[in-house]
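Here's the letter readout for the chains.
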Amino acid sequence: MQVQWSHSVLKVRDIEAMTQFYCDALGFEVADRGTVGADAEIVFLSGSSRDHHQLGLMTGRSDGDQGSLDHMAFRVGSLDDVKQMIEWVAADERIGDGAPVTHGNAVSVYFADPEGNGIEIFCDTPWHVPQPVVRGWDPGKSSDHVLAGVHEKFGENPGVMAMDEYRARRAEHFGEEESTS
Ligand SMILES: [Fe+2]
């Protein structure tokens, strides 16, 4: 299984100040922003066509929190790889079961390492879907069935387009010589 670094998501105390800092420091732009769960706010930042977000910043870090990591995310090549990871996680006694989640543009499993650090393993879907959106998916179904379900859930969302088209637009926007997709 080929595993590629994709992004991390940090819990922050001042989301506007942190967003401004990373835009200033690394030239990131806000790809999307919105709310998750009851009242958490999330901002997605990227400077590359390869990843919808290279960094996510999410409210909810209290003054007493030592750590800031929500999760780090790695891309794998296929939905079968994600399913394989779910089986591996379920069989490993050092950690708890994973949570299968889809954001429309990705099919993921979230779990925690033995020290509680969040990990996301995901594969791309053929679609760009504006974020944040989240639904569950059934690892017991075939990959075709899962992807059809993802399209059914998110295909009519405003702003949905083919991933290749989204990446081409972003590559042009960021002045990349050619898309890295
Ligand atoms: Fe993620």
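Residues numbered from 1 in each chain as written. Predicted model: local features only at pLDDT ≥ 70, side-chain atom pairs only at ≥ 80, totals over all residues. Heavy atoms only, no water.

Visitor: Is there a simple way to explain the overall build of the chain in this structure?
Guide: Check the secondary structure of the chain and you find four helices and eleven strands. Computed over C-alpha atoms, the radius of gyration of the chain comes to 16 Å, within 12% of the 16 Å expected from 2.2 N^0.38 for 181 residues, which places it in the range of a compact globule. In terms of overall dimensions, the chain has a C-alpha envelope of 45 × 45 × 30 Å along the principal axes. Put simply, the chain has 181 residues, and 41% of those count as buried. Restricting the contact set of the chain to residue pairs at least 6 apart, pairs at least 24 apart contribute 62%. Of the roughly 9,700 Å² of accessible surface on the chain, 48% is carried by carbon and sulfur atoms. Seen as two clouds, the 14 positive and the 31 negative side-chain charges of the chain have centres 2 Å apart. (Helix = DSSP H or I, 4+ residues; strand = E, 2+ residues; numbered from the N terminus. Rg over C-alpha atoms; globule rule 2.2 N^0.38 Å. Buried < 20%, exposed > 50% of the residue type's maximum accessible area, 1.4 Å probe, protein only. Contact = heavy atoms within 4.5 Å. Areas by Shrake-Rupley, 256 points an atom, 1.4 Å probe, with all protein chains shown as cover. Lys, Arg positive; Asp, Glu negative; His and termini not counted. Charge placed at Lys NZ, Arg CZ, Asp CG, Glu CD.)

Visitor: Honestly, the sheet that holds strand β5 (residues 69–75) in this entry has me stumped. Any pointers?
Guide: To summarise the sheet geometry, strands pair through backbone hydrogen bonds and adopt either a parallel or an antiparallel arrangement. Judged by pairing direction, the sheet is mixed, and its nine strands sit side by side in the order β2-β3-β4-β1-β5-β8-β7-β6-β10 without closing on themselves. Each edge of the sheet is formed by a strand with only one pairing partner; in this case those strands are β2 (29–36) and β10 (135–136). Bridge analysis of strand β6 (residues 99–102) against β10 gives two bridges, and the strand direction is antiparallel. Looking at β10, one finds that V101 is bridged to G136. Across the sheet, helix α1 (residues 15–26) is in contact with β1 (4–12), β2, β3 (40–46) and β4 (55–59); its angle to β3 comes to roughly 5°. Relative to strand β7 (residues 106–112), helix α2 (residues 79–91) is tilted by about 20°, and along the sheet it contacts β6, β7 and β8 (118–124). (Pairing = 2+ DSSP bridges. Axes fitted to C-alpha atoms, helices over the stretch in contact; angles between N-to-C directions.)

All we've got here are geometric facts, nothing functional implied.
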